[in-house]
Amino acid sequence: MSETSSSLTLPDPTPRKTSFSGTLYRGNEGMWSWVLHRITGVAIYFFLLVHVLDTALIRVSPEAYNGVMAAYKNPIMGLGETVLVGAVVLHAMNGLRIILVDVWPWATRNQRLLFWIVMGLVAALMLYFTPTHLINVFSPVEGGH
Amino acid sequence: MTATIENPNYAYPARSKRRGPNLEKAGWIFMRVSGVVLIVLIFGHLAYNLLWTPGGIHAIDFGFVGGKLADPFWQWWDVLMLWLAILHGSNGMRTIVNDYVHKPRIRQVALGAIAVAAVLLIALGTLITFTFDPCPPTADPSLLPSFCAEL
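Being a predicted model, the structure only gives us computed values, none of them experimental.

K.L.:
Explain the overall build of chain B to me, using residue names and the numbers behind them.
P.N.:
Along the backbone of chain B there are four helices and one strand. Reading the helices (α) and strands (β) of chain B from amino to carboxyl end gives β-α-α-α-α. A burial count over chain B gives 40% of its 151 residues as buried. Accessible area of chain B: about 9,600 Å², with a carbon and sulfur share of 67%.

Now the structure itself:
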């Protein structure tokens, strides 16, 4: 960001041959983090539209809200919620990586390492979230409703 | 290997000759600031509702949400999350439309739809958070938050 010259030079510590040779950018961690950030972002955006509307039913009646929430308690939806939380966690951790790459030259040079740290953090956070959520999803509902 | 980009043929140079406030820069900063705040708000939202509440997803019903939104703390938490998430998401969608939609007419329609959806959902969500009644008088009492019985 703070570069003033029109040409920016960064040493690439570990060059790697890929089938996309001849491009600066394609095929490596940088591209995949960008692709994943876009896909997760779009998915979260469309869920957000639906989620505001379903929550809006609290203004209609308790029955209307409980009716739509019953859909989220279906086991297939429960698996979808796990994927959605995975998308949120990935977008969040990769967003922090983007901020670091923007403001800190060390992070720009080591963005490839940071990509794998992001993946590790996503795995750790999902290891925390998934068991509790899936146990809830697949537990019989007491009180029978 | 050294990557050098001598004179990138880029339509939007970093130093624009345009005068006035730099809205794209403001948007760039907004995405980073709102992103960090949203991590706190959304991780808190998910942890409280799905992990720390016994029963998780099965415990979420009108009684649970009504009880939460009767508390100004959660009202402001949810409204701030709503505004930042919609604006962050809409601005991200705007970036994607600008990247991929080249026909001016279609681009205008897509950007307009994103803007309309953002305004409607922010207005709807904010209005509901601050006007809804956790204890509607005609509702089945068994579906309401427990504190409604004491009213």
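Read on for the rest.
K.L.:
So what about the pattern of salt bridges? Which residues, and what values?
P.N.:
Evaluated as defined, the whole model comprises four salt bridges over all chains. Across the pair B:Asp99 and A:Arg38 runs a salt bridge, and its minimum N-O distance is 2.5 Å. Residue B:Asp99 is found in helix 3 (residues 72-100), and its partner A:Arg38 is found in helix 1 (residues 29-56); the two belong to separate chains. When its relative accessible area of 36% is taken as the criterion, B:Asp99 is described as partly exposed. Judged by its relative accessible area of 16%, A:Arg38 falls in the buried class. B:Arg32 serves as the salt-bridge partner of A:Asp102, at 2.7 Å between the closest nitrogen and oxygen.

K.L.:
Can you break down the packing of aromatic side chains residue by residue, with the values?
P.N.:
Residue and element names in this part refer to chain B. For the coordinates displayed, the defined rule picks out 11 aromatic pairs over all chains. Taking the centre distance of 6.1 Å and the plane angle of 75° together, the rings of Phe62 and Phe132 count as edge-to-face. With Phe62 in helix 2 (residues 62-69) and Phe132 in the segment after helix 4 (104-131), this pair connects stretches of sequence that are 70 residues apart. On the basis of an interplanar angle of 50° and a centroid distance of 5.7 Å, the ring pair of Phe73 and Trp77 is categorised as tilted. Of this pair, Phe73 and Trp77 both sit in helix 3, separated by four residues, roughly a single helical turn. On the accessibility criterion, Trp77 (18% relative accessible area) is buried.

K.L.:
How would you sum up the interface of chain A and chain B? Please name residues and give values.
P.N.:
On the chain B side, the residues contacting the 51 residues of chain A number 51 residues. Interface area for chain A against chain B, summed over the two sides, is near 4,300 Å², with a carbon-plus-sulfur share of 71%. Considering only the side of chain A, the residues that lose the most area to chain B are A:Arg38, A:Tyr45 and A:Ile58, jointly responsible for 15% of the buried surface there. At the boundary of chain A and chain B, one finds two salt bridges. One can count 10 residue pairs in polar contact (both at pLDDT 80 or more) joining chain A with chain B.

K.L.:
Pulling in residues and values, what's your account of the nonpolar core?
P.N.:
A:Ile58, A:Tyr65, A:Val122, B:Ile60 and B:Val65 are the most contacted members of the largest nonpolar core, which totals 32 residues. Where this core is concerned, the elements lending two or more residues are helix 2 (62-72), helix 3 (75-103) and helix 5 (111-138) of chain A together with helix 1 (23-52) and helix 2 of chain B. Ranked by residues supplied to this core, first place goes to helix 3 of chain A with six residues. Beyond its immediate stretch of four places on either side in the chain, B:Val65 contacts A:Ile58, A:Tyr65 and B:Ile60. B:Leu41, B:Met81, B:Leu84 and B:Ile86 belong to the second largest nonpolar core, which has 19 residues in total.

K.L.:
Talk me through the state of the cysteines; I want residue IDs and the actual numbers.
P.N.:
Residues and elements named next belong to chain B. In the structure shown here, the tally under the stated rule is one disulfide over all chains. Between the sulfur atoms of Cys135 and its disulfide partner Cys148 the distance amounts to 1.9 Å. On the sign convention where negative is left-handed, the bridge of Cys135 and Cys148, at about -80° about the S-S bond, is left-handed. Of this pair, Cys135 sits in the segment after helix 4 while Cys148 is found in the segment after helix 4, placing the two residues 13 residues apart along the sequence. In this structure, Cys135 and Cys148 share a single accessibility class: buried.

K.L.:
How would you explain a nonpolar patch on the surface if you had to name every residue and give the values?
P.N.:
Residue and element names in this part refer to chain A. A grouping of Leu100, Val103, Trp104, Trp106, Leu113, Ile117 and Leu121 is seen on the molecular surface, where their side chains present a nonpolar patch of about 650 Å² in accessible area. Only helix 3 and helix 5 provide two or more residues apiece to the nonpolar patch. Counting residues per element, the nonpolar patch draws most heavily on helix 5, which supplies three residues. By the element assignment, Ile117 lies in helix 5.

K.L.:
Which residues make up helix 5 of chain A, and what values do they have?
P.N.:
Spanning 28 residues, helix 5 of chain A covers 39 Å between terminal C-alpha atoms, matching the ideal 40 Å at 1.5 Å per step. The largest bend in helix 5 of chain A is about 25°, located at A:Met126. Buried residues along helix 5 of chain A sit against helix 1, helix 3 and helix 4 (105-109) of chain A together with helix 1 of chain B.

K.L.:
Break down the packing of helix 1 of chain A against helix 4 of chain B for me, with residues and values.
P.N.:
Each pair of packed helices can be summarised by the angle the axes make with each other and by the distance between the axes. Their axes nearest at 10 Å, the elements helix 1 of chain A and helix 4 of chain B cross at an angle of 35°. Here the hand of the crossing between helix 1 of chain A and helix 4 of chain B comes out left-handed. Here A:Tyr45, A:Leu49, A:Val52, A:Leu53 and A:Ala56 of helix 1 of chain A come into contact with helix 4 of chain B, specifically with B:Ile114, B:Ala117, B:Leu121, B:Leu124 and B:Ile128. Among the residues making up the contact of helix 1 of chain A with helix 4 of chain B, the classes are represented as 10 nonpolar, no polar and no charged.

About the thresholds
- Chains are numbered independently. Their residues run from 1 in the order of the written sequence.
- Following the order in which they are written, the chains are lettered starting with A and the ligands numbered starting with 1.
- Reporting in this predicted model follows two pLDDT cut-offs: at least 70 for local features of residues, and 80 or more for side-chain atom pairs to be given and counted; totals over whole chains, interfaces and linings ignore these cut-offs and use all residues.
- By convention in this description, side-chain values take in all heavy atoms of the structure and omit both hydrogens and water.
- Here a strand is any run of E in DSSP of at least two residues, a helix any run of H or I of at least four, and the numbering for each starts at the N terminus.
- Partly exposed describes any residue whose relative accessible area lies between the buried limit of under 20% and the exposed limit of over 50%, with all areas from a 1.4 Å probe on protein chains only and scaled to the type maximum.
- Per-residue accessibility takes into account occlusion by the displayed protein chains alone, with areas from the Shrake-Rupley method and a 1.4 Å probe.
- A pairing counts as a salt bridge when a side-chain nitrogen of Lys or Arg comes within 4 Å of a carboxyl oxygen of Asp or Glu.
- Only Phe, Tyr and Trp rings take part, Trp by its six-membered ring, and two of them pair if their centres are within 6.5 Å. Stacked means planes under 30 degrees apart, edge-to-face means over 60, and tilted covers everything else.
- Only heavy atoms enter the contact rule, under which two residues are in contact if any of them lie within 4.5 Å.
- When two parts are put together, the accessible area they lose, computed with a 1.4 Å probe and summed over both, is reported as buried area.
- Polar contacts, as used here, are pairs of N or O atoms within 3.5 Å; protein pairs need one atom able to donate a hydrogen and one able to accept it. Residues neighboring in sequence count only if both atoms are side-chain atoms.
- As used here, the term nonpolar core means buried Ala, Val, Leu, Ile, Met, Phe, Trp, Tyr and Cys residues forming a set that is joined through side-chain atoms within 4.5 Å.
- Count a disulfide wherever a pair of cysteine sulfur atoms falls within 2.5 Å.
- The patch calculation keeps residues exceeding 30% relative accessible area without a salt bridge and links them within 9 Å when they carry like charges or within 5 Å when they are nonpolar (Val, Leu, Ile, Met, Phe, Trp, Tyr).
- Helix span is expected to be 1.5 Å times the residue number reduced by one.
- Note on bend: the value at a residue is the angle between axes fitted to the seven residues ending there and to the seven starting there.
- The axes used here are C-alpha line fits, helices contributing only the stretch in contact, and every angle between their N-to-C directions lies in the interval 0 to 180 degrees.
- Each helix crossing is assigned a hand: it is left-handed if the near helix lies turned anticlockwise from the far helix by less than a right angle, otherwise right-handed if that turn is clockwise.
- Classification convention: Asp, Glu, Lys, Arg as charged; Ala, Val, Leu, Ile, Met, Phe, Trp, Tyr, Cys, Pro as nonpolar; all other residues, Gly among them, as polar.

What is shown is where atoms sit, not what they do.
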